[in-house]
Amino acid sequence: MASEAVRKILEAEALSDKKNAEVRKKRDEIIEAASGSSSLAIQKRLSEAHSEIARLKADYDKSLNDYEKQAESECEKNINSIRQKAEKNMSSAVDEIISRFF
């Protein structure tokens with residue numbers, strides 16, 4: 001009878017070890033699946049972020065290009081205006097010098 005009880009205890013321990021191993025295996029599978037899913041989610045979010053960055057950069061580059069063209073045009077207008085005033089002033093100065101000395 002004692003040997004029967006020992007045998008049942010040993011069987012119960014073996015069954016318990018088997019169940020614990022199955023649970024550990026299932027736990028590892030769940031963790032691995034969750035880890036894979038989170039990695040995919042992170043990769044997807046990174047891809048979306050990179051796409052958004054590229055879009056924002058393209059918008060910024062376009063705005064910068066438009067601003068540069070506008071600034072260049074404005075500078076060209078200012079240069080032309082200054083050039084015309086300088087030519088007018090030079091003509092007046094030459095006329096004044098000629099009238100004083102001749």
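This text goes with the structure placed above it.
Given the structure is predicted, the values throughout are model-derived calculations rather than measurements.

A. Focus on the overall build of the protein chain. Regarding its fold elements, the protein chain presents one helix and zero strands. Relative to the 2.2 N^0.38 estimate, which gives 13 Å for 102 residues, the radius of gyration of the protein chain is 43 Å and therefore markedly larger than a compact globule would have. Seen through its principal axes, the protein chain has C-alpha atoms that stretch 145 × 20 × 5 Å. Counting only residues that meet the buried cut, the protein chain has 0% of its 102 residues in that class. When the accessible surface of the protein chain is summed, it comes to about 9600 Å², and 60% of that surface belongs to carbon and sulfur atoms. When the 19 basic and 20 acidic side-chain charges of the protein chain are each reduced to a single mean position, those positions are 4 Å apart.

B. Main features of the pattern of salt bridges. With the rule as written, the count across this model stands at seven salt bridges. One salt bridge in this structure joins Glu 4 and Arg 7, with 2.3 Å as the shortest N-O distance. With a gap of three residues between them, Glu 4 and Arg 7 both fall in helix α1 (residues 2-101), about one helical turn apart. Residue Glu 4 is classed as partly exposed on the basis of its relative accessible area, which comes to 33%. Classification of Arg 7 as partly exposed rests on a relative accessible area of 37%. Notably, a salt bridge pairs Arg 55 with Asp 59, separated by 2.9 Å at the nearest N-O pair. In this pair, Arg 55 and Asp 59 are both assigned in helix α1, four residues apart and thus about one turn of the helix distant. Since its relative accessible area comes to 42%, Arg 55 is described here as partly exposed. Accessibility expressed as a relative area gives 39% for Asp 59, which makes it partly exposed. A cluster of three or more residues bridged by salt bridges with shared partners is formed by Glu 4, Arg 7 and Glu 11.

C. Representation of a nonpolar patch on the surface. Judged by side-chain polarity, Tyr 60, Leu 64 and Tyr 67 come together as a nonpolar surface patch covering roughly 360 Å² of accessible area. Its relative accessible area of 56% is what places Tyr 67 among the exposed residues.

Parameters and conventions
- Residues numbered from 1 in each chain as written.
- Predicted model: local features only at pLDDT ≥ 70, side-chain atom pairs only at ≥ 80, totals over all residues.
- Heavy atoms only, no water.
- Helix = DSSP H or I, 4+ residues; strand = E, 2+ residues; numbered from the N terminus.
- Rg over C-alpha atoms; globule rule 2.2 N^0.38 Å.
- Buried < 20%, exposed > 50% of the residue type's maximum accessible area, 1.4 Å probe, protein only.
- Areas by Shrake-Rupley, 256 points an atom, 1.4 Å probe, with all protein chains shown as cover.
- Lys, Arg positive; Asp, Glu negative; His and termini not counted.
- Charge placed at Lys NZ, Arg CZ, Asp CG, Glu CD.
- Salt bridge = Lys/Arg side-chain N within 4 Å of Asp/Glu carboxyl O.
- Patch = residues over 30% accessible without salt bridge, like charges linked within 9 Å, V, L, I, M, F, W, Y side chains within 5 Å.

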